[in-house]
Amino acid sequence: MKSLVKRIEIETQHGTETINITETIQHIVAESGLQNGLVLVSSLHTTTAITVNEGLPDIESDILAMMEKVAPSEGIYRHARFLPSDGQMAVNASSHLQSAMLGFQCLFPLENGRMVIGGRQTIFFVELDGPQLRTYIVQVLGE
Amino acid sequence: MIVDFHTHPIMIKELIEEDPPLLQSIEKVFGFCFAAQPLSIFIKEMDEAGVDEAVLLPLDCSSSFQRTVVSNQQVARLCEKSDRFIGFASIDPRQPDALSQLEHDIRNYGLVGLKLNPALQGFYPNDKEIAYPVYHLCAELSIPIMVHCGLSWAPAGKSRFANPLFLEDVAQDFPQLRIIIGHFGWPWVNEALILGLKYPNVYLDTAILYCGTPAQSFQKVLVEQVGLLVIERGLHNKVLFGSDYPRVDMRRSVRAIKNLGLSEDIGAKIFGLNACNLLGIGKEAK
């Protein structure tokens, strides 16, 4: 079994946004030359998410609006204090909680050299505390 | 127009790549331990926050830490890369060449003010031997000084040097020198308030480092402790918006000030007009 891991950097533009990364991942899968196995997409951060849904602007907007309702930016949280380990004020508890709810990974089967993804499925990198330079990884695992 | 009067151009990837020991100094002096970001992200952060211009504050702590974080030259180079940056200088008042360096850097690098951090530079702001010659020169050069006041979160910072009341002597002895009390002096807010209310040459910035989000900090300090009426009546020309980026989030700081409930005209002064007045740029507040 072979494993290919690729790190992708992305400069996000806004405080919150959804970024369609499906084509980038399909390109990495094709380049890997592997035929059968798994494709893992994983964010390296705790205030971003990876999620899969239909690639429609209204859905993308609804996802972000829902996250704001579930963990409002101006809510009262314990994570709102000076962090000696960072040297920064912790002001982004809602971003962490939204990330925790959306999750940071997705996994797809790899079959005959192609990622098995539904026709309406789109893979999104979700920024929840931007703009920042972010990194996610794509691992293609198989034969 | 929004001017962020209190930003630190550190943790910028390009600066660290050209000066690798800078990263260690940033960690040692400021206690910052997070990923550096490209300069483009600093500008995107300004865009997202609605900030038009940002004052960049370097720090020369040669006596205490044997280096600058960052240097005046580095600030000048950043200002060349974007006309949205306004550069301040920093010199270490305890260094023998402080005055000549300040004069040189102000006259040659296009820098328009001086940043001092007594807590990290290790001097009392009313020290006549160490600090007063610097104030004389700043008055002569007609540049404002921004003085860190209040709690120093920096690991090696000594807050005892940063009580804003030390600046009362300076405000009296240098009436022509414009003095900005950084961080609203928190937690010495009442002391900062005394100076801001009384002395025409004393200003306060909103980079308040309270224990919470910007919204909670401003609510606690500006609304509950100081009172919006006091700000609107007595400090409307004296308060400058500042975030303390990247120690505090710029975007959330802007939003929190907008949500305070200030009158529109006073909000406009705090966000930008007072800064323009102070620096002699753009439209003046009346």
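Here the residue numbering is sequential within each chain, running from 1 through the sequence in written order. To label them, take the chains in the order written and letter them from A, then take the ligands in the order written and number them from 1. Residues qualify for local features only when their pLDDT is at least 70, as the model is predicted, and side-chain atom pairs are given and counted only at 80 or more; totals for whole chains, interfaces and linings, by contrast, use all residues. Side-chain metrics rest on all non-hydrogen atoms present in the structure, leaving aside hydrogens and water.

A. Structural view of the pattern of salt bridges. Residues and elements named next belong to chain A. For this analysis, a salt bridge means a side-chain nitrogen from Lys or Arg found within 4 Å of a carboxyl oxygen belonging to Asp or Glu. Taken as a whole and assessed by the stated rule, the structure comprises 14 salt bridges over all chains. Close ionic contact of Glu127 with Arg134 constitutes a salt bridge, the shortest N to O distance being 2.8 Å. Accessibility here uses a 1.4 Å probe with only protein chains present; expressed as a share of the type maximum, an area under 20% marks a residue as buried, one over 50% as exposed, and anything in between as partly exposed. By relative accessible area, Glu127 is classed as buried at 0%. A relative accessible area of 3% places Arg134 in the buried class.

B. Local environment of helix α13 (residues 250-258) of chain B. Within α13(B), seven of the nine residues are buried, which leaves the element mostly enclosed by the surrounding structure. The set of residues buried in α13(B) consists of B:Met250, B:Arg251, B:Arg252, B:Ser253, B:Val254, B:Ala256 and B:Ile257. Turning to α13(B), the residues buried within the fold contact α3 (93-102) of chain A together with β1 (3-7), α3 (39-49), α11 (214-226) and α14 (264-279) of chain B. Where α13(B) starts, the residue carrying a side-chain oxygen 3.1 Å from the main-chain nitrogen of B:Arg251 turns out to be B:Asp249. A run of H or I in DSSP counts as a helix once it spans at least four residues, and a run of E counts as a strand once it spans at least two, with each numbered from the N terminus. Residue contacts follow a heavy-atom distance rule, with two residues in contact if any of their heavy atoms lie within 4.5 Å. Pairing of N or O atoms within 3.5 Å defines a polar contact, subject to two protein rules: one partner must be a possible hydrogen donor and the other a possible acceptor, and residues neighboring in sequence count only if both atoms are side-chain atoms.

C. Spotlight on the packing of helix α6 (residues 98-109) of chain B against helix α8 (residues 132-141) of chain B. Residue and element names in this part refer to chain B. Comment: axis = line fitted to C-alpha atoms, over the contacting stretch for helices; angle = value between 0 and 180 degrees taken between N-to-C directions. Running from amino to carboxyl end, α6 crosses α8 at an angle of 25°, the nearest separation of the two axes being 10 Å. Regarding the angle of α6 to α8, the classification is roughly parallel. α8 is crossed by α6, and the crossing has right-handed handedness. For the pair α6 and α8, the contacting residues are Leu99, Leu102, Glu103, Ile106 and Arg107 in the first and Pro133, Val134, Leu137, Cys138 and Leu141 in the second. For the contact of α6 with α8, a count of residues per class yields eight nonpolar, no polar and two charged. Roughly parallel covers angles under 35 degrees, roughly antiparallel covers those over 145, roughly perpendicular covers 65 to 115, and oblique covers all other angles. Should the near helix be turned anticlockwise from the far one by less than a right angle, the crossing is termed left-handed; should it be turned clockwise, right-handed. Note that Gly is not counted as nonpolar here; it falls among the polar residues with everything else outside the nonpolar set of Ala, Val, Leu, Ile, Met, Phe, Trp, Tyr, Cys and Pro and the charged set of Asp, Glu, Lys and Arg.

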